[in-house]
Amino acid sequence: MALNAAQPGFATTVAALRLRSWKLGAGQPMEVIDQFTDADFTHIVDDRADVHVSSRDGRFYLGYFPDGRPGGADEDWVTGEGWVIAVTGTADVPGYRMAFGTDTPAEIVAAVVARIMATSRPL
């Protein structure tokens, strides 16, 4: 950042700040969900219109909760949690879980899912 020390106070330029535009807004959830084929994954849409996708072997799970995920420690809404991705571990290696807010751009979640899918392989 360019700083003019000869004058009192803070002075800079827009160019020096390198302002950016960032992807914001939930976007289209189908960018994520369309990555899962019927041959390899089970899709369920429940009575709240939440979408659940799991691999046929049950080790991968994706949940999409447009209004926030129900449940939690006090069995109330988990406010703001819109996406959950979980991969079950093995006897030797633990699995993992990721959650994204309801306002996380679907493009970002889709990129994460694509990377996870690229690391999976049939046994």
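An unreviewed UniProt entry lists the chain under the name DUF317 domain-containing protein, from Streptomyces salyersiae.

A. Spotlight on the overall build of the chain. When helices and strands are tallied, the chain shows 3 helices and 5 strands. Secondary structure of the chain in N-to-C order comes out as α-α-β-β-β-β-β-α. Across the chain, every contact between residues at least 6 apart in sequence was considered, and the portion connecting residues at least 24 apart equals 34%. Total accessible area on the chain is roughly 8600 Å²; 57% of this is exposed by carbon and sulfur atoms.

B. Just the pairing of strand E4 (residues 81-87), in detail. The element E4 is extensively covered by neighbouring structure, given that 6 of its 7 residues are classed as buried. Pairing between strand E3 (residues 60-64) and E4: 5 bridges, direction antiparallel. Bridge pairing in E4 links Phe-60 to Val-87. Pairing analysis gives 6 bridges linking E4 to strand E5 (residues 96-101), with the strands arranged antiparallel.

C. Quick peek at the pairing of E3. Most of E3 is tucked away: 4 of the 5 residues are buried. One ladder, built from 4 bridges, connects strand E2 (residues 51-55) with E3; its direction is antiparallel. Bridging from a neighbouring strand, Ser-54 pairs with Tyr-61 of E3. A loop of 4 residues connects E2 with E3, the two strands running antiparallel in sequence, and Gly-58 in this loop sits at a positive phi of about 80°.

D. Summary view of the packing of aromatic side chains. As enumerated under the stated definition, the model contains 4 aromatic pairs in all. Consider the rings of Phe-41 and Phe-60, whose centres lie 6.0 Å apart with planes at 80°: the pair is edge-to-face. Residue Phe-41 is found in strand E1 (residues 41-45), and its partner Phe-60 is found in strand E3; the two are separated by 19 residues along the sequence. The residues Phe-41 and Phe-60 share a single accessibility class, namely buried.

What counts and what doesn't
- Residues numbered from 1 in each chain as written.
- Predicted model: local features only at pLDDT ≥ 70, side-chain atom pairs only at ≥ 80, totals over all residues.
- Heavy atoms only, no water.
- Helix = DSSP H or I, 4+ residues; strand = E, 2+ residues; numbered from the N terminus.
- Contact = heavy atoms within 4.5 Å.
- Areas by Shrake-Rupley, 256 points an atom, 1.4 Å probe, with all protein chains shown as cover.
- Buried < 20%, exposed > 50% of the residue type's maximum accessible area, 1.4 Å probe, protein only.
- Pairing = 2+ DSSP bridges.
- Phe/Tyr/Trp six-rings, centres within 6.5 Å; stacked < 30°, edge-to-face > 60°.

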